[in-house]
Amino acid sequence: MLRNGVKKLTLETSSAAIGFTSLLSAPDFLHYSRDHRTVYKVLEACRLSSDYKAASAIHTRIFKLGYGTYPSLVASLVSTYLQCDRLLLARKLLDQVFRLDFNVVIVNLVIEHLMGLGEYGFAKKCFHKTPVRDVITWNLMIGGYVRNARFEEALSFFREMLDSNVEPDKFTLASVMTGCARLGAINHALWVHRLMTEKEIELNPILSSALIDMYSKCGRIQTAKEVFNSADHSDVSVWNAMINGLAAHGLAFDAIAVFSKMEVENIFPDSITFIGILTACSHSGLVEEGRKYFNLMSSRYSIEPQIEHYGVMVDLFGRAGLLEEAYAVIEAMPVEPDIVIWRALLSACRIYQKPKLGEVAIANMSRLKSGDYVLLSNMYCSMKRWESAEGVRELMKKKGIRKIRGRSWIELGGVIHRFKASDRSHPETEGLYKVLDGLIRRTKLEGFLPQTDLVLMDISEEEKEGNLNHHSEKLALAYGILKTSPGREIMISKNLRICHDCHNWIKLVSKLLIRVIIVRDRIRFHQFEGGSCSCEDYW
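Keep in mind that what you see is a predicted model, and the values were worked out from it rather than measured.

Draft legend 1. Inspection of the overall build of the chain at higher detail. Helix and strand content of the chain: 28 helices and six strands. Residues classed as buried in the chain amount to 50% of the 539 residues present. In the chain, 64% of the contacts between residues at least 6 apart in sequence involve partners at least 24 apart.

Below, the structure written as structure tokens:
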């Protein structure tokens, strides 16, 4: 420690903060803390260990040493107080900061650091406290909310920005389009694009890429193609946006065609291009094509495969049922496989009922998430190994791990309506369930049988059927049917993969109602029409 004359701090563990309280009273500290970067490291250790007493002592020193206008220190100190549930201290700190007559540049930097730490609530407080805001201030709020997955708040701030007569720039619009894309909100997307046209904003590669990505993720792949065809093709990012958009829609051959055109126009692909083309092959089961493009990376373009490329190859082989080949890719990787790669293998093991290999995947996953335990539990349940499944569930309870709940949402008239499984919180619940019950009766008359084997619990068949009937995507679809005119296209977004029962049921609904129904799940798009799906039952 510094008390012993050793001028070194280590932050390898959160326990490093334990000695910092005594450090604060050490004679050496005033000299050593002249370097604000060291103070920041000490604060970060306090944040990780939730040591608010040490942080509070550092707080005093920060202002004594004249560091009160250092945005990184202010943001870290606010975050530390919040981590320690000291809301009042965090508020007092912001008040103290603003009494120093911050200029807008300093305010912007504080907001940027708070957003980077995920403290978007306090970034908002900081924003509302500042009397002067420039376009950068607004961009940091909008972009920060997008990066923190608070997309509706980002759009709300954008509207407020327009109402404040602050002209958005290209950075603003790129962030807003990303928010629209992540929401899958086509009405918002059309509004933003229209606004760009009205303001005669010239498209650059960043905006063109964002437009293509936005329309792709909002289910309008044809519009995305039109934007791509009219865009300047000189930047690889524009090509990447189009290839990745086509991949998400399962249009592998279209993605391959774009890649071929890219070669003809002498645009050199980068590592992101190959992630897109390999993903397209994976979603369509094009194993040989996937091998070809993976080898092409290094043989023709001298691009060394990164961990993301290996991950897509594991996914490609796993989806195709080539689990031994998927595992061989992992074993041959020159880099340590990450949790995403093991998760892809585990998912394939569940689908193809390979519990031993699935256990190998689990054993190699150092930071398990709830979905990983659920995959293993579901694999055991599908094989009716109830005791093994129960063991996994008990382990989840012991570790305090909860299953991520499925959520679906639909945009109607510019408003996002969200649903959870068996949700009854929506103000129009009665009408929604009436529509859903009617659809369930109609599909049963057409011979649809719920896939109760997919409800991976040892309960009665009747209970299983009731569980399936109220999945979040079915509720969102029922609401869409309730609120739209016959024949109108319906698009739903979901945070998890769509289950097989909902997939087959929606196929039949699309035929009965003569409707196009689009579901964007965590992996890809499914376009249901006339009783079939664009994924051809491979996803």
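Draft legend 2. Layout of the pairing of strand 1 (residues 407-412). Most of strand 1 sits out of view: five of its six residues are buried. Examined bridge by bridge, strand 1 and strand 2 (residues 415-420) share six bridges and lie antiparallel to one another. The partner of S408 across the bridge, within strand 2, is F419. Connecting strand 1 to the next strand, strand 2, in antiparallel fashion are two residues, including G413 with a positive phi near 60°. Pairing analysis gives two bridges linking strand 1 to strand 3 (residues 490-494), with the strands arranged antiparallel. Opposite S408, over in strand 3, you have K494 as the bridge partner.

Draft legend 3. Looking closely at the sheet that holds strand 6 (residues 532-533). Pairing within the open sheet is mixed, and its six strands lie in the order 2-1-3-4-5-6. Two strands in the sheet have a free side with no partner beyond their single neighbour: strand 2 and strand 6. Direction of pairing for strand 5 (residues 525-529) relative to strand 6: antiparallel, over a ladder of two bridges. Counted as the bridge partner of F528 is C533 from strand 6.

Draft legend 4. The arrangement of unusual backbone geometry in detail. Although it is not a glycine, N266 adopts a positive phi angle of roughly 60°. Residue placement: N266 occurs in the loop between helix 16 (252-264) and helix 17 (271-284). By relative accessible area, which is 62% here, N266 ends up exposed. Despite not being glycine, E536 has its phi angle at roughly 55°, a positive value.

Draft legend 5. Representation of the pairing of strand 5 within the structure. The sheet contact formed by strand 4 (residues 517-520) and strand 5 spans four bridges and is antiparallel. The residue bridging V519 from the neighbouring strand is H526, located in strand 5. Connecting strand 5 to the antiparallel partner strand 6 that follows it, the hairpin turn spans two residues, and G530 within it adopts a positive phi of roughly 60°.

Draft legend 6. Structural context of the UniProt feature "repeat: PPR" (unreviewed entry) in the chain. The positions that UniProt labels "repeat: PPR" (unreviewed entry) are, in the present scheme, residues 134-168, 169-203 and 235-269. Along residues 235-269, the helical share is 74% and the strand share 0%, with 10 Å between the first and last C-alpha atoms.

Draft legend 7. Fine view of the nonpolar core. Grouped together as the largest cluster of nonpolar side chains are 133 residues, with contacts concentrated most on V78, I111, M214, I277 and L345. Not counting residues within four places of it along the chain, the set of residues in contact with L345 comprises V314, L323, A326, Y327, I330, L357 and A361. Counting 29 residues, the second largest nonpolar core, distinct from the first, contains L475, I490, L508 and F528.

Draft legend 8. Seen up close, the environment of S237. Considering the arrangement of structural elements, one finds S237 in helix 15 (residues 236-248). Taking the C-alpha atoms as reference points, S237 and A210, separated by 27 residues in sequence, lie 9.5 Å from one another. A distance of 3.2 Å separates the side chain of S237 from the side chain of S209, its partner in a polar contact. Among the polar contacts made by the side chain of S237, one reaches the side chain of D235 at a distance of 2.7 Å.

Draft legend 9. Molecular detail of the packing of aromatic side chains. Under the definition given, this model contains 14 aromatic pairs. The interplanar angle of 50° and the centroid separation of 6.5 Å between the aromatic rings of Y327 and W342 together place this pair among those described as tilted. Here the residue Y327 occupies a position in helix 20 (residues 323-332), and W342 occupies one in helix 21 (residues 339-351), the gap between them amounting to 15 residues. Assessed through its relative accessible area of 6%, W342 is described here as buried. Every member of this aromatic cluster is reached through a ring pair, and the members are Y120, F127, W138, Y145 and F157. Lying across the ring of W409, R418 places its NZ or CZ 5.5 Å from the centre.

Draft legend 10. Inspection of the packing of helix 10 (residues 151-163) against helix 12 (residues 186-198) at higher detail. Where helix 10 meets helix 12, the axes come as close as 13 Å, and the angle between the chain directions of the two elements is 30°. Between helix 10 and helix 12, the crossing angle belongs to the class labelled roughly parallel. The two elements helix 10 and helix 12 meet at a crossing, and its hand is left-handed. Here L155, F158, R159 and L162 of helix 10 lie close against helix 12, whose contacting residues are H188, W191 and L195. Tallied by class, residues from the contact of helix 10 with helix 12 come to five nonpolar, one polar and one charged.

About the thresholds
Residues numbered from 1 in each chain as written. Predicted model: local features only at pLDDT ≥ 70, side-chain atom pairs only at ≥ 80, totals over all residues. Heavy atoms only, no water. Helix = DSSP H or I, 4+ residues; strand = E, 2+ residues; numbered from the N terminus. Buried < 20%, exposed > 50% of the residue type's maximum accessible area, 1.4 Å probe, protein only. Contact = heavy atoms within 4.5 Å. Pairing = 2+ DSSP bridges. UniProt positions renumbered as here; feature names shortened; annotations may be inferred. Core = buried A, V, L, I, M, F, W, Y, C linked by side-chain atoms within 4.5 Å. Polar contact = N/O pair within 3.5 Å; in protein donor to acceptor, adjacent residues only side chain to side chain. Phe/Tyr/Trp six-rings, centres within 6.5 Å; stacked < 30°, edge-to-face > 60°. Lys NZ or Arg CZ within 6 Å of the ring centre and 35° of its normal. Axes fitted to C-alpha atoms, helices over the stretch in contact; angles between N-to-C directions. Parallel < 35°, antiparallel > 145°, perpendicular 65-115°, else oblique. Left-handed = near helix turned anticlockwise from the far one by under 90°. Nonpolar A, V, L, I, M, F, W, Y, C, P; charged D, E, K, R; others polar.

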